[in-house]
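Observations on the three-dimensional arrangement
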Amino acid sequence: MTGESSASPLIFGGDAQSPRAALPVLPPLALYIHIPWCVRKCPYCDFNSHTASPVLPEEEYVDALLADLDQDLHAVYGRELSSIFFGGGTPSLFSAEALGRLLKGVEQRIAFASDIEITLEANPGTFEQDKFVAYRKLGINRLSIGIQSFQQEKLQALGRIHNGDEAVRAAGMARQAGFDNFNLDLMHGLPNQSLDDALSDLRTAIALKPTHLSWYQLTLEPNTVFWNQPPTLPEDDTLWDIQEAGQALLAEHGYAQYEVSAYAQPGRPARHNLNYWSFGDFIGIGAGAHGKLSHPDGRIVRTWKTRLPKDYLNPAKSFQAGEKALANDEMPFEFLMNALRLTDGVESRLYPERTGLSLESLAEARCEAEQSGLLQVEPSRLAATERGQLFLNDLLQKFLS
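Source: prediction; values computed, not measured.

What follows deals with the overall build of the protein. Looking only at helices and strands, one finds 15 helices and 18 strands in the protein. In terms of C-alpha radius of gyration, the protein reaches 22 Å, essentially the compact-globule figure of 21 Å for 401 residues. Dimensions of the protein, computed from the C-alpha atoms along their principal axes, are close to 60 × 50 × 40 Å. Per-residue burial over the protein gives 53% buried out of 401 residues. When contacts within the protein are restricted to residue pairs at least 6 apart in sequence, those whose partners lie at least 24 apart make up 70%. Entry remark: accessible area of the protein is about 18,200 Å², with carbon and sulfur atoms responsible for 50%. Looking at charge distribution, the protein has the averaged site of its 34 positive side-chain charges lying 5 Å from that of its 51 negative ones.

Here it is in structure tokens:
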């Protein structure tokens, strides 16, 4: 869709003082598919995951996912998918047959970009060589492997079902299965972790030559076992030392930080996540999945699906649990809470393109953030300073309505 913004109709959100233009170009579109089952729920995990029964309802769940997608198709007619992400839970618990039927059903409904990125989350404890060869043949071309640590004591503390040797083998099996693009998920700030422990984990991960590393600090989230029974975590000084030394080590080996906790080899950032952080669109299907869709008239709507698998699979219940159209006065925070996580931020022009609001509507808060040293003084970009990245919550507070 094309058109000059000056000729676009105006709509109004929650703030009637700030007109929003129709969107001349819709952002890239992605698909998130949630598989909610795990072998065991980890004590730190606050995602919508549930302990799997011995036999998973694969056929019924794939049927439900496609029916769920059918209900969202009216909002994305004529668009194509730039990426698909299977998240969880542990999507690698599903058979290649089930995922193949699902991907075929999705492609029959929405066109795939010629260079589509399709990522599957997997845990080392569920790796089987034949299964992953079959996944690759389906067109899945990127893996995200949940390692968290290579040290047995730390893995036990985190409730993981794999050991360090299995984690190392998983990376090798991924390559043997034909995956030349894969991420390793690694945590730091683990119970009783020292600087040497953390760097040892990083060095082991780097030696496996992943194209991407997600390296992030363990946090205690509400509604988790760790929240109610907190483990002994490293002191703040140790956490700071780990962060500084780890970032230096990653940079030394060619992993450029492009987001708060994401590091990639040249040309290998996660396209799906980049789309999310730059306020792109995504359909969310599956139990508890969230979505965000822009409409040509300027409306931007967030949706969320029924959370419990038994309810999601119940034909008497609706897939969608709720939706919310974003008001104008919510837009600055909604856009920037993701965009400012990127170390280089985003081009300023992206704000009016993806929100329908003028850059001038940010002027007052932007000036205050620049004067406080949290936002870069760069007219063509919206990007946090190094200090702003350290105090991102303080920076974002300036853009709250």
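Text resumes after the structure shown.
Tracing the backbone through its elements, the reader meets asparagine 123 in the loop between strand E7 (111-122) and helix H3 (129-137). A distance of 3.1 Å separates a polar atom in the side chain of asparagine 123 from a polar atom in the side chain of threonine 90. When sequence neighbours within four positions are dropped, the list of residues in contact with asparagine 123 reads Thr90, Ser92, Gly146 and Arg160.

A cluster of nonpolar side chains, namely Trp240, Leu390 and Phe391, defines an oily patch on the protein surface of about 320 Å² accessible area. As for its placement among the helices and strands, phenylalanine 391 is situated in the loop between helix H14 (386-390) and helix H15 (392-397).

Helix-helix packing is described using two parameters, namely the angle between the two axes and the distance between the axes. Where helix H6 (residues 195-207) meets helix H8 (residues 236-252), the axes come as close as 9 Å, and the angle between the chain directions of the two elements is 25°. When the interaxial angle is binned, H6 and H8 end up roughly parallel. Crossing of H6 against H8: the hand is right-handed. Between H6 and H8, the contacting residues are Leu195, Ala198, Leu199, Leu202, Arg203 and Ile206 on the first element and Thr238, Asp241, Ile242, Ala245, Gly246, Leu249 and Leu250 on the second. Residue composition of the contact of H6 with H8, by class: 9 nonpolar, 2 polar and 2 charged.

Another aspect to go through is the environment of phenylalanine 86. Counting through the fold element by element, phenylalanine 86 comes out in strand E6 (residues 80-88). A residue is classified by how much of its surface remains accessible, and phenylalanine 86, at 0% relative accessible area, is buried. Taking the C-alpha atoms as reference, phenylalanine 86 lies 9.7 Å from isoleucine 140; in sequence the two are 54 residues apart.

Averaged over the protein, the pLDDT score is 92; the fraction of residues at 70 or greater is 95%. Note that residues 1-17 has pLDDT below 50 and, in this model, 28 contacts with residues that lie over four places away or in other chains.

Once that is clear, we can look at the state of the cysteines. Inspection of the entire model under this criterion finds 0 disulfides. We note that cysteine 42 lacks a disulfide partner, and the nearest cysteine sulfur, in cysteine 45, lies 6.3 Å from it. Classification of cysteine 42 by relative accessible area gives buried; the value is 11%.

Basis of the calculations
- Residues numbered from 1 in each chain as written.
- Predicted model: local features only at pLDDT ≥ 70, side-chain atom pairs only at ≥ 80, totals over all residues.
- Heavy atoms only, no water.
- Helix = DSSP H or I, 4+ residues; strand = E, 2+ residues; numbered from the N terminus.
- Rg over C-alpha atoms; globule rule 2.2 N^0.38 Å.
- Buried < 20%, exposed > 50% of the residue type's maximum accessible area, 1.4 Å probe, protein only.
- Contact = heavy atoms within 4.5 Å.
- Areas by Shrake-Rupley, 256 points an atom, 1.4 Å probe, with all protein chains shown as cover.
- Lys, Arg positive; Asp, Glu negative; His and termini not counted.
- Charge placed at Lys NZ, Arg CZ, Asp CG, Glu CD.
- Polar contact = N/O pair within 3.5 Å; in protein donor to acceptor, adjacent residues only side chain to side chain.
- Patch = residues over 30% accessible without salt bridge, like charges linked within 9 Å, V, L, I, M, F, W, Y side chains within 5 Å.
- Salt bridge = Lys/Arg side-chain N within 4 Å of Asp/Glu carboxyl O.
- Axes fitted to C-alpha atoms, helices over the stretch in contact; angles between N-to-C directions.
- Parallel < 35°, antiparallel > 145°, perpendicular 65-115°, else oblique.
- Left-handed = near helix turned anticlockwise from the far one by under 90°.
- Nonpolar A, V, L, I, M, F, W, Y, C, P; charged D, E, K, R; others polar.
- pLDDT = per-residue confidence, 0-100.
- Disulfide = S-S within 2.5 Å.

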